Amino acid sequence: MNDLHGIIFAYRSHRNLAELTRHRNTCSVPFAGRHRLIDFMLSNMVNAGVTDIGLIVHENYQSLLDHVGSGKDWDLSRKHGGLRILPPFSTAERKQGEYRGTMEALIGVSSYLKKIRQEYVVMAWGDMALNLSIEDVFRQHLASGSDITVVCSHTHWGVPQECQYVHTDASGRVCDMSVRPTTEPDAPECLDMFIISKQILLELVEDCAAHDQYSFSLGALLPRINTLNIRPYFYSGYVGRVQSVKDYFQRSADLLRPEVRQDLFDPASPVRAKDRSDPSTYYGPSSRAVSSLIADGCVIEGEVRESILFPGVVVEKGAIVSNCVLMQGTVVGRDSELSHVITDKGVHIGQHRTLHGHANYPVAITKNAEV
Amino acid sequence: MKKECVAMLLAGGQGSRLYALTSHVAKPAVPFGGKFRIIDFPLSNCVNSGIDTVGVLTQYRPLELNSYIGSGQPWDLDRSDGGVHILPPYMREGDQGTWYKGTANAIYQNIGFLDMYDPEYVVILSGDHIYKMDYSKMVEHHKQVDAACTISVLEVTMEEATRFGIMNVDENDIVYEFEEKPPQPKSNLASMGIYVFTWSKLREYLIADEADPNSSNDFGKNIIPNMLCAGEKLAAYRFHGYWKDVGTIDSLWDANMDMLAPRTSIDLYDPSWPIYARTPIKPPHFIGPNGVVSHSLVTGGSEVYGTVENSILFHSVTVEEGAQVRYSILMPGVTVRAGAKIEYAIIAENAVVEQNACVGTPPDPSNPDWGVAVVAGGVTVGEQAVVSAHAMVRENVKGGEQV
């Protein structure tokens, strides 16, 4: 796939993720035991043979930089092309703050866009967990002769206030879009992922910059809905949208279902991650683990039920962990009891502690906290 | 560019006493301890000791070992100056050149490589030992006593001493005699097969040894005795800690089981001395609703729905509902189908044990032939088949059959 360039939007922090995005943006939220959300989109692109990817960041991207590094774990550390991190330019004209929309982000990196050596561009957010074949999307894009292909799903995965929906006419062309409606429309959900030619993209960016349009859908697509040939690509697999702590908790629980894991972790299109040298996980003689997803490098002496453990988690003797997500390096002390709790990296739960959340309101404990 | 110290890792051995496990790979590439291969231990020791230039001498079935080492990136040995080098035997002008005839000959054939880096010291390592060791301390000792060669030694029991090369030393731990597997050992200092040489000295002895047609070109048999004879200063360097030769099925099984008791063996979780490995990208492992795992190691990509006790599961292993795995080692990609029972066995990569098949048995004092059962890589053990203790299965076993 030599003529496709990747652009990943990696700048937003969902306010409702509260503690989980205090030290990072949504793209680098740890997910599925050993991953960050960004791993999924990066891997989708790399698995489709995309060799050049621009990562648009804005604020709070230290943890993201630390994770992707030079891009070598995705084979993106290259002499020619590879991964480019695109932070904002500081200009006096505009006040600093998160980009107001993806078009503003694209305008911000327009000099990079001009230098893209591929004919087509795939653009997507880096904070969704899905494993889709961009090669398929691209093939359909070329075969259909459309100007823009937008990836959609018949299943709804997000809350309407955070999503866009596409309406198609009889010929299958997109004729309208609902952007962040208040109620859920009866239309396919847009996964905010587009394939577009570099040429059309540059024209749109140029025009939107001139008219201070910051939203890709509202500023670029909707005004041209009758002149541009926009067609949907329907993706039928699992989509993990993570927009709030509750979402995060439920998407994590989804992973305990074999069919979701088969979908997300298809061995034919592996999700790559930062390489860590963790040994295997050790289970002690009196340990008990049931229906749980457990990363390498953990030491489990207590009981773990329906939970997700990241690398290096320690569950001491007598401790009971159920319906929890314990991130890297969490220690659960002897005889403590946790249920419906999300612990961020390095949280230390002392001995004989009891913490209970609820499926509708999981307790999230901030990074490196001592309980 | 000149390096103070270069390590040479002897990884060409077939490891014939591992039988079916090394029919497709060289011994150093045999999987170990859930996440690793044997060679990860000396390679990681090198990096952790600050040695950034390592020659890996390969000869027997090098394909998998070569691709495993690759650029050396997992060990941070992908350097622009130095790094890891695979060194196979090669032909020279006039149809000259041979396979590596012995450990010393392997180094002799690579004098050119060593001269390229012109090191003061050369560390000679072998690719079949499990241990953590700071080679820089050994080199420091070598410098301090101004030896021509320093040999790392382990204190063993007098009984065990009859199976090792034994160093007899004076009060300053200077070697005055070397005995290979002595029936009546005079000391209990066993050579671990780890040497530090002053390169200029070793170079002389390698050239002289090569000129001797009666030599078997081996460090233990020729170079060390020759240096002793010539009155060179040979120092013993005492090593304290876990060290295991994994050259046999029994010792490989033992050493794997030792990893379940980190306090008495190696702490693989110690961040100050990590053992690095090249590992495939796998999601976390999953323990099913009826899965039972105790006193075991489990690795990414595995799915456990049955019972696993006192065992080591590498990545991508499947243990189906009702299957039982005890005191066994399941290498990457092994599948154990429902109702199958595996006890005291080593199952190599991608082998399949079908429903209700039995592999291995618990130790039986009344059976003098008892031992660990081994199923080779890619083999299928059919439904209801029985693989008895100490069996070595290299080919598919049909359903219901007993071997």
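Residues numbered from 1 in each chain as written. Chains lettered and ligands numbered in written order. Predicted model: local features only at pLDDT ≥ 70, side-chain atom pairs only at ≥ 80, totals over all residues. Heavy atoms only, no water.

## Focus on the overall build of chain A
Next up, step 1: Secondary structure summary: chain A contains 9 helices and 28 strands in total.
Next up, step 2: Over its C-alpha atoms chain A spans a radius of gyration of 21 Å, differing by no more than 12% from the 21 Å that the globule rule assigns to 371 residues.
Next up, step 3: Across its three principal directions, the C-alpha atoms of chain A cover 65 × 45 × 40 Å.
Next up, step 4: The proportion of buried residues among the 371 residues of chain A is 59%.
Next up, step 5: Here the analysis covers contacts within chain A between residues at least 6 apart in sequence; of these, 58% occur between residues at least 24 apart.
Next up, step 6: Looking at chain A as shown, the accessible area adds up to about 14,800 Å², and 46% of this sits on carbon and sulfur atoms.
Next up, step 7: In chain A, 37 side chains carry a positive charge and 43 a negative one; their mean positions are 4 Å apart. (Helix = DSSP H or I, 4+ residues; strand = E, 2+ residues; numbered from the N terminus. Rg over C-alpha atoms; globule rule 2.2 N^0.38 Å. Buried < 20%, exposed > 50% of the residue type's maximum accessible area, 1.4 Å probe, protein only. Contact = heavy atoms within 4.5 Å. Areas by Shrake-Rupley, 256 points an atom, 1.4 Å probe, with all protein chains shown as cover. Lys, Arg positive; Asp, Glu negative; His and termini not counted. Charge placed at Lys NZ, Arg CZ, Asp CG, Glu CD.)

## Digging into helix α8 (residues 219–229) of chain B
Next up, step 1: Taken as a whole, α8(B) has its buried residues at F219(B), G220(B), N222(B), I223(B), I224(B), M227(B) and L228(B).
Next up, step 2: Of the residues one or two after α8(B), G231(B) is the one with positive phi, at around 80°.

## A few points about the layout of surface pockets
Residues and elements named next belong to chain B.
Next up, step 1: Counted as a void, the largest pocket has a volume near 1,600 Å³.
Next up, step 2: Of all the secondary structure elements, the ones that give two or more residues to the lining of the largest pocket are α3 (103–108), β10 (175–180), β11 (189–198), α8 and β13 (243–245).
Next up, step 3: With 4 residues, β11 is the largest single contributor of residues to the lining of the largest pocket. (1 Å grid on protein atoms, 1.4 Å probe; cavity = no way out; pocket = protein on both sides within 12 Å on 5 of 7 lines; lining within 4 Å. Points joined across faces, edges and corners; volume = space filled by probe spheres on them.)

## Details of the interface of chain A and chain B
Next up, step 1: Taken together, the contacts link 35 residues of chain A with 34 residues of chain B.
Next up, step 2: Here chain A and chain B share an interface that buries about 2,700 Å² over both sides, 51% of which is from carbon and sulfur atoms.
Next up, step 3: If you sort the residues of chain A by the area they bury against chain B, S280(A), Y282(A) and Y283(A) come out on top, with a joint share of 22%.
Next up, step 4: The closest approach of N and O atoms between E303(B) and R261(A), which form a salt bridge, is 3.1 Å.
Next up, step 5: At the junction of chain A with chain B, the criterion picks out 19 residue pairs in polar contact (both at pLDDT 80 or more).
Next up, step 6: Elements with a minimum of two residues in the side of chain A that touches chain B: α9 (258–264), β14 (281–283), β15 (288–290) and β16 (292–294) of chain A.
Next up, step 7: Grouping the amino acids of the side of chain A that touches chain B by side-chain chemistry returns 18 nonpolar, 9 polar and 8 charged.
Next up, step 8: In this sheet, strand β14 (residues 285–287) of chain B lies alongside β16(A) in antiparallel orientation, the contact comprising 3 bridges. (Buried area = accessible area lost by both parts, 1.4 Å probe. Salt bridge = Lys/Arg side-chain N within 4 Å of Asp/Glu carboxyl O. Polar contact = N/O pair within 3.5 Å; in protein donor to acceptor, adjacent residues only side chain to side chain. Nonpolar A, V, L, I, M, F, W, Y, C, P; charged D, E, K, R; others polar. Pairing = 2+ DSSP bridges.)

## Here's the deal with the packing of helix α7 (residues 199–211) of chain B against α8(B)
Residues and elements named next belong to chain B.
Next up, step 1: Taken N-terminus to C-terminus, the directions of α7 and α8 make an angle of 115°; their axes are 10 Å apart at the nearest point. Once α7 is placed against α8, the crossing between them reads as right-handed. Residue-level contacts link K201, L202, Y205, L206 and D209 of α7 to F219, N222, I223, N226 and M227 of α8.
Next up, step 2: Tallied by class, the residues present in the contact of α7 with α8 amount to 6 nonpolar, 2 polar and 2 charged. (Axes fitted to C-alpha atoms, helices over the stretch in contact; angles between N-to-C directions. Left-handed = near helix turned anticlockwise from the far one by under 90°.)

## A short note on unusual backbone geometry
Next up, step 1: Even without a glycine there, the phi angle at R180(A) is positive, about 45°.
Next up, step 2: Checked against the element boundaries, R180(A) lands in the loop between β10 (174–179) and β11 (189–197).
Next up, step 3: Since its relative accessible area comes to 51%, R180(A) is described here as exposed.
Next up, step 4: Although it is not a glycine, N356(B) sits at a positive phi angle of roughly 60°.

## Side note on the packing of aromatic side chains
Note on aromatic pairs: each is described by the distance of the centres and the angle between the planes.
Next up, step 1: Under the criterion given, the structure shown has 24 aromatic pairs over all chains.
Next up, step 2: With 6.1 Å between their ring centres and 55° between their planes, F286(B) and Y305(B) make a pair best called tilted. Taken as a pair, F286(B) in strand β14 and Y305(B) in the loop between β17 (303–304) and β18 (307–309) lie far apart in primary sequence, 19 residues in all. When sorted by exposure, F286(B) lands in the same class as Y305(B), which is buried.
Next up, step 3: What links up through ring pairs into an aromatic cluster is the set F9(A), Y11(A), Y99(A) and W125(A).
Next up, step 4: Geometry around F286(B) places R261(A) over its ring, the cationic atom sitting 3.8 Å from the centre.
Next up, step 5: The ring of Y90(B) is capped by R92(B), whose NZ or CZ atom sits 4.7 Å from the centre of that ring. (Phe/Tyr/Trp six-rings, centres within 6.5 Å; stacked < 30°, edge-to-face > 60°. Lys NZ or Arg CZ within 6 Å of the ring centre and 35° of its normal.)

## Some thoughts on the domain arrangement of chain A
Residue and element names in this part refer to chain A.
Next up, step 1: Segmentation of chain A into domains returns domain 1 (4–264) and domain 2 (282–365).
Next up, step 2: Residue-level contacts link 18 residues of domain 1 with 22 residues of domain 2.
Next up, step 3: In this assembly, domain 1 packs against domain 2 so that about 1,600 Å² is buried in total across both faces, 73% of it on carbon and sulfur atoms.
Next up, step 4: Considering only the surface of domain 1 that becomes buried against domain 2, G33, F249 and L256 emerge as the three largest contributors, covering 38% of it.
Next up, step 5: Where domain 1 touches domain 2, the interface holds 1 salt bridge.
Next up, step 6: Remark: the boundary between domain 1 and domain 2 carries 1 residue pair in polar contact (both at pLDDT 80 or more). (Domains from an automatic or database assignment.)

## Examining the pattern of salt bridges
Next up, step 1: Under the defined criterion, the tally for this structure stands at 39 salt bridges over all chains.
Next up, step 2: D66(A) serves as the salt-bridge partner of K274(A), at 3.8 Å between the closest nitrogen and oxygen. Residue K274(A) is located in the loop between α9 and β14, and its partner D66(A) is located in helix α2 (residues 62–68); the two are separated by 208 residues in the primary sequence.
Next up, step 3: A salt bridge links E140(B) to K143(B); its shortest N-O distance comes to 3.8 Å. Residue E140(B) and its partner K143(B) are both found in helix α5 (residues 135–145); the two are separated by 3 residues, about one turn of the helix.
Next up, step 4: Residue class for E140(B) comes out partly exposed when judged on its relative accessible area of 41%.
Next up, step 5: Taking the relative accessible area as the measure of exposure, K143(B) reaches 31% and is therefore partly exposed.
Next up, step 6: Through salt bridges with shared partners, a single network forms among D247(A), R251(A), D254(A), R257(A) and E259(A).

## Some thoughts on the pairing of β11(A)
Residues and elements named next belong to chain A.
Next up, step 1: With respect to burial, β11 is a largely interior element, 9 of its 9 residues being buried.
Next up, step 2: On β11, burial covers both faces: E189, L191, M193, I195 and S197 on one face and C190, D192, F194 and I196 on the other are all buried.
Next up, step 3: With 4 bridges joining them, strand β6 (residues 120–125) and β11 adopt antiparallel strand pairing. Across the sheet, the residue bridging to V121 is I196, located in β11.
Next up, step 4: Both strand β8 (residues 148–153) and β11 contribute to a ladder of 5 bridges, which runs antiparallel. Paired with V150 across the two strands is F194, which belongs to β11.
Next up, step 5: Pairing analysis gives 2 bridges linking strand β9 (residues 164–168) to β11, with the strands arranged antiparallel.

## Details of empty space enclosed by the protein
All names here are of chain A.
Next up, step 1: Within this structure, the stated rule accounts for 1 cavity of 30 Å³ or more.
Next up, step 2: In this model, the largest cavity occupies a volume close to 30 Å³.
Next up, step 3: Taken together, R12, H14, D127, M128, R241, V242 and Q243 form the lining of the largest cavity.
Next up, step 4: Considered class by class, the residues forming the lining of the largest cavity number 2 nonpolar, 2 polar and 3 charged.

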